[in-house]
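# Examining the three-dimensional arrangement
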Amino acid sequence: MDIFEYMRSTSMEKEAPLAARMRPRTLDEVMGQEHIIGRDKLLYRAIRADKISSVIFYGPPGTGKTTLARVIANTTSAEFTQINATVAGKKDMEEVVAKAKDSLGMYGKRTILFIDEIHRFNKSQQDYLLPFVEDGTLILIGATTENPYFEVNGALLSRSVIFELKPIPVEAVKELIRKAVYDGDRGMGAYNATIDEDALDFLADVSGGDARHALNAVELGVMTTNRGEDGKIHITLEVAQECIQKRAVRYDKAGDSHYDTISAFIKSMRGSDPDAAVYYLARMLYAGEQVAFIARRIMICAAEDVGNADPMALVVAVNASLAVERIGMPEAQIILSQAAAYVACAPKSNAGCNAVFEAMQTVEQTGNLPIPPHLQDAHYKGAAKLGRGTGYKYAHDYPNHYVKQQYLPYELSGKEFYRPSGNGYEVKIREHMRRLKEEAGEASE
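Reference entry: report on the structure contained in this document. (Residues numbered from 1 in each chain as written. Predicted model: local features only at pLDDT ≥ 70, side-chain atom pairs only at ≥ 80, totals over all residues. Heavy atoms only, no water.)

### Notes on the overall build of the protein chain
The secondary structure content of the protein chain amounts to 20 helices and seven strands. Computed over C-alpha atoms, the radius of gyration of the protein chain comes to 30 Å, more than 25% over the 22 Å expected from 2.2 N^0.38 for 445 residues, which places it beyond the range of a compact globule. Reported as C-alpha extents along the three principal axes, the dimensions of the protein chain are approximately 100 × 65 × 40 Å. The contacts in the protein chain between residues at least 6 apart in sequence include a share of 72% that link residues at least 24 apart. (Helix = DSSP H or I, 4+ residues; strand = E, 2+ residues; numbered from the N terminus. Rg over C-alpha atoms; globule rule 2.2 N^0.38 Å. Contact = heavy atoms within 4.5 Å.)

What follows is the structure in structure tokens.
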């Protein structure tokens, strides 16, 4: 590196955005991903020992995917090269591969290739990397916000270890914001700024686990706020709201407001009020609630409160959950609204829910009652001699593919758990079961 290149890189580092300057440089500085980089975890040990293999980092924006790649770059003895799949093409990869071959052949040094936004590469671009990852010419580190099982070739996945990064916890974001405001080396400490506690809480909460989002708001606040009479820049709640373009909503994810809002949301769907359901959905989304949490509650409501009165409700809810996982915000709010409205408008029945609860209670009271011999497995060695499966009636051999026989343990003969309601599709289920039993009874007489 000549003097001009050194001066340019030094200048860029000083003038880089706050989020870039605050990026952790070592493993010990990384916050919020202890489930994969805790001291006893595989990734931590691999980076420390400089024995990293091909990996794919998957997670929401601002959770540290590029940061971990940079930490690896700072600790590895291998050559480190970075490209971005949004702008790189096959020619760029060919140049990387050529240099990697030279480095391996001449100096015995392997090359780590970090590809940001790897899901942007098409199939042929991803396929090009396969032989070089396979023979060890390249160690691949991919970063993606999209589910790699959908967006990355199966062949590459089979050669990589996938690490899922989670949204950074609120307390970790708070600590990062404090460092950003008061750190005089890489942060905004030289500006003599201070941040109010309620502004700190608000930014950490509304950032949704995205550290970059929070730091961008801090930088904007410090750079655009006039000094007070005491000569300091005060980041108040009002300033924080302006910088992140959201109003503070009373919604503590660990407190009563969180539970009250989700409770109102579920009860509105159960009570068939789509307007209220969408309203409480909007409150949760506005406050930064995780879309995966909301999607889980919609799925539970679809099964518990709609059930077989409209079997499509669970289909809609499950597919909505998969869709928001793949798409993310802000479009995910449209999908969640559709699912919540559908579940709210669907006919309701908790017959299926009551059935399993009553069955669980019966199991608890009666224990493991003997299964009727004709239902037991007749295929394992010696089963036939023991009478297992003897006398079983194959339903498809009978009219309507139904035959009357004992399915419950004999001690529970005649016991009913599932009682279809008179709502929605369960009307048809109830009528169908009644007809089957009546016709089977007539046929046996």
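### A few points about the packing of aromatic side chains
Within the structure shown, the criterion is met by three aromatic pairs. In this structure, R326 packs its charged tip against the face of F150, placed 4.0 Å from the ring centre. (Phe/Tyr/Trp six-rings, centres within 6.5 Å; stacked < 30°, edge-to-face > 60°. Lys NZ or Arg CZ within 6 Å of the ring centre and 35° of its normal.)

### Side note on the nonpolar core
In terms of nonpolar packing, the biggest core is built from 33 residues, with I177, I195 and L203 touching the most fellow members. At the level of secondary structure, the elements contributing two or more residues to this core comprise α2 (18-21), α10 (170-182), β6 (193-195), α11 (197-206), α12 (211-224), β7 (233-235) and α13 (237-244). Those residues within four positions of L203 in sequence are excluded, and the remaining contacts are I177, I195, A214, A217, V218, A240 and I244. (Core = buried A, V, L, I, M, F, W, Y, C linked by side-chain atoms within 4.5 Å. Buried < 20%, exposed > 50% of the residue type's maximum accessible area, 1.4 Å probe, protein only.)

### Section: unusual backbone geometry
With an omega of 5°, the peptide bond running from M329 to P330 counts as cis. For N192, which is not a glycine, the phi torsion comes out positive at approximately 55°. Given a relative accessible area of 36%, N192 falls into the partly exposed group. Unlike most non-glycine residues, H401 shows phi in positive territory, near 55°. Mapped onto the fold, H401 is located in the loop between α19 (351-366) and α20 (426-444). When its relative accessible area of 53% is taken as the criterion, H401 is described as exposed.

### Observations concerning the sheet that holds strand β2 (residues 79-84)
Reading across the sheet, the five strands line up as β2-β3-β4-β1-β5 and stay open at both edges, with parallel pairing between neighbours. Two strands in the sheet have a free side with no partner beyond their single neighbour: β2 and β5 (161-164). Strand-to-strand, the axes of this sheet are offset by a mean angle of 15°, without reference to chain direction. As paired elements, β2 and strand β3 (residues 111-116) share six bridges and run parallel to each other. Considered in β3, the bridge of N84 is made with D116. Each of β3 and β4 (138-144) is contacted by helix α7 (residues 123-134), which is oriented at about 135° to β4, the strand it contacts most. (Pairing = 2+ DSSP bridges. Axes fitted to C-alpha atoms, helices over the stretch in contact; angles between N-to-C directions.)

### Topic: the pattern of salt bridges
Taken as a whole and judged by the stated rule, the model has 19 salt bridges. The residue R48 makes a salt bridge to D28 at a minimum N-O spacing of 3.1 Å. Of this pair, R48 sits in helix α4 (residues 42-48) while D28 sits in the loop between α2 and α3 (34-37), and the two are 20 residues apart along the sequence. For D28, a relative accessible area of 48% translates into the label partly exposed. Notably, a salt bridge pairs R419 with E416, separated by 4.0 Å at the nearest N-O pair. (Salt bridge = Lys/Arg side-chain N within 4 Å of Asp/Glu carboxyl O.)

### Some remarks on the packing of helix α16 (residues 291-306) against helix α18 (residues 332-345)
With their axes 10 Å apart at the nearest point, α16 and α18 run at an angle of 15° to one another. By the criterion of interaxial angle, the relationship of α16 to α18 is roughly parallel. Once α16 is placed against α18, the crossing between them reads as left-handed. Between α16, through V291, I294, A295, I298, C301, A302 and V306, and α18, the contact on the second element is made entirely by A332, L336, A339, A340 and V343. In terms of residue class, the contact of α16 with α18 is built from 12 nonpolar, no polar and no charged. (Parallel < 35°, antiparallel > 145°, perpendicular 65-115°, else oblique. Left-handed = near helix turned anticlockwise from the far one by under 90°. Nonpolar A, V, L, I, M, F, W, Y, C, P; charged D, E, K, R; others polar.)

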